[in-house]
Amino acid sequence: MGPQGVGKGTQAARLAEVFGIVAISTGDIFRANIKGNTELGTTAKAYMDKGELVPDEVTNAMVRDRLGDADVKKGFLLDGYPRNAAQVSELDSALAGVGWELDGVIELTADRDVLMERLTKRAQEEGREDDTPEGIARRLDIYDTETAPLTAAYAERGLLAKVDGVGEVAEVTDRIVAALAAQLG
């Protein structure tokens with residue numbers, strides 16, 4: 001978990017390699033559905049083009065579908081999901097339905113000015129339409145009000161480890177691996 005621009009996607013890819021599991025990114029799921037011109041993809045694109053978060057019912061349907069894929073059976077990590085209390089409930093339900101439970105939750109952290117700088121740079125390099133300054137600020141505000149409070153709930157369950165997301169990529173990966181080792185024993 002963590003706000004946009006904190007490095008969730010980069011770290012998810014690295015951790016998937018380290019642990020030999022699949023990384024499931026809501027952003028990748030959205031882009032695949034958009035590229036495939038699915039009904040869910042068309043709906044998601046309309047929101048993303050405005051710099052808004054995709055509604056829960058669309059996101060949840062895409063994630064639930066992805067969790068049914070064969071490559072998920074030996075383990076997975078979620079990148080950027082859940083983002084609010086309703087998605088936590090949906091994830092709990094989806095996992096319980098297949099007899100799984102979460103092993104741990106990592107929250108990557110960074111100051112807002114660092115996030116704005118990273119996202120502005122990403123917008124310039126990748127030409128992402130959803131990374132306007134206004135869109136970035138709106139999504140960070142939504143994270144602060146909707147997603148950040150979830151970390152307290154995961155902490156109460158004994159699942160949360162906070163990790164500084166600023167620094168060299170390999171250093172951040174090492175911090176995450178150490179936090180998971182401490183958390184999982």
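Because the structure is predicted, anything quoted here is derived from the model rather than measured. (Residues numbered from 1 in each chain as written. Predicted model: local features only at pLDDT ≥ 70, side-chain atom pairs only at ≥ 80, totals over all residues. Heavy atoms only, no water.)

Asker: Mind showing me how you'd approach the pattern of salt bridges here?
Answerer: In a structure, side chains of opposite charge can pair up when their charged atoms sit close to one another. Going through the model one piece at a time under the given rule, you end up with 11 salt bridges. Across the pair Lys121 and Glu125 runs a salt bridge, and its minimum N-O distance is 3.9 Å. On the criterion of helical spacing, the pair formed by Lys121 and Glu125 is a turn pair, its members being 4 residues apart in helix H6 (residues 112-126). Take Lys121: its relative accessible area is 48%, and that puts it in the partly exposed class. Measuring nitrogen to oxygen at the nearest pair gives 3.8 Å for the salt bridge that ties Glu171 to Arg175. Linking Glu171 with Arg175, this pair stays in helix H9 (residues 169-184), spanning 4 residues, or about one helical turn. Since its relative accessible area comes to 41%, Glu171 is described here as partly exposed. Salt bridges sharing common partners tie together Arg66, Asp69 and Asp71. (Salt bridge = Lys/Arg side-chain N within 4 Å of Asp/Glu carboxyl O. Helix = DSSP H or I, 4+ residues; strand = E, 2+ residues; numbered from the N terminus. Buried < 20%, exposed > 50% of the residue type's maximum accessible area, 1.4 Å probe, protein only.)

Asker: What's the story with the environment of Leu102 in this structure? I'm lost.
Answerer: As for its position among the elements, Leu102 is in the loop between helix H5 (85-97) and strand E3 (105-109). Leu102 sits 52 residues away from Tyr154 along the chain, and the two C-alpha atoms are 10.0 Å apart. Non-local contacts of Leu102, meaning those with residues more than four positions away in its chain, are made with Leu91, Leu95, Tyr154 and Leu159. (Contact = heavy atoms within 4.5 Å.)

Asker: Can you help me understand the packing of aromatic side chains in this one?
Answerer: Note on aromatic pairs: each is described by the distance of the centres and the angle between the planes. This structure, assessed with the given rule, holds 1 aromatic pair. Geometrically, the ring pair formed by Phe76 and Trp100 is tilted, given 5.5 Å between the ring centres and 45° between the ring planes. Taken together, the residues span a long stretch of sequence, with Phe76 in strand E2 (residues 76-79) and Trp100 in the loop between H5 and E3 at a distance of 24 residues. Take Trp100: its relative accessible area is 27%, and that puts it in the partly exposed class. Here the guanidinium or amino end of Lys50 rests over the ring plane of Tyr47, the centre of that ring lying 5.3 Å away. (Phe/Tyr/Trp six-rings, centres within 6.5 Å; stacked < 30°, edge-to-face > 60°. Lys NZ or Arg CZ within 6 Å of the ring centre and 35° of its normal.)

Asker: How should the confidence of the model for the protein chain be read in this particular structure?
Answerer: Chain-level pLDDT for the protein chain is 90 on average; 99% of the residues reach the 70-or-more range. Between the elements of the protein chain, mean pLDDT differs from a low of 86, seen in helix H7 (residues 133-147), to a high of 95, seen in strand E4 (residues 160-164). (pLDDT = per-residue confidence, 0-100.)

Asker: Please clarify how the side chain of Gln4 should be interpreted in this entry.
Answerer: Tracing the backbone through its elements, the reader meets Gln4 in the segment before helix H1 (8-19). Ignoring sequence-local partners within four residues, the contact set of Gln4 consists of Leu53, Arg83, Leu115, Leu119, Arg139 and Leu140.

Asker: Explain the nonpolar core to me, please; I cannot follow it from the model alone.
Answerer: Among the nonpolar cores identified, the biggest contains 24 residues, and Ile24, Ala44, Leu67, Phe76, Leu91 and Tyr154 are the most heavily contacted of them. Of all the secondary structure elements, the ones that give two or more residues to this core are strand E1 (22-25), helix H2 (26-35), helix H3 (39-49), helix H4 (56-67), E2, H5 and helix H8 (150-156). The residues touching Leu67, leaving out its near neighbours within four places in the chain, are Ile24, Val72, Phe76, Leu91, Ala94, Leu95 and Trp100. Within the second largest apolar cluster, 16 residues are counted, among which are Leu77, Val172, Ile176 and Ala179. (Core = buried A, V, L, I, M, F, W, Y, C linked by side-chain atoms within 4.5 Å.)

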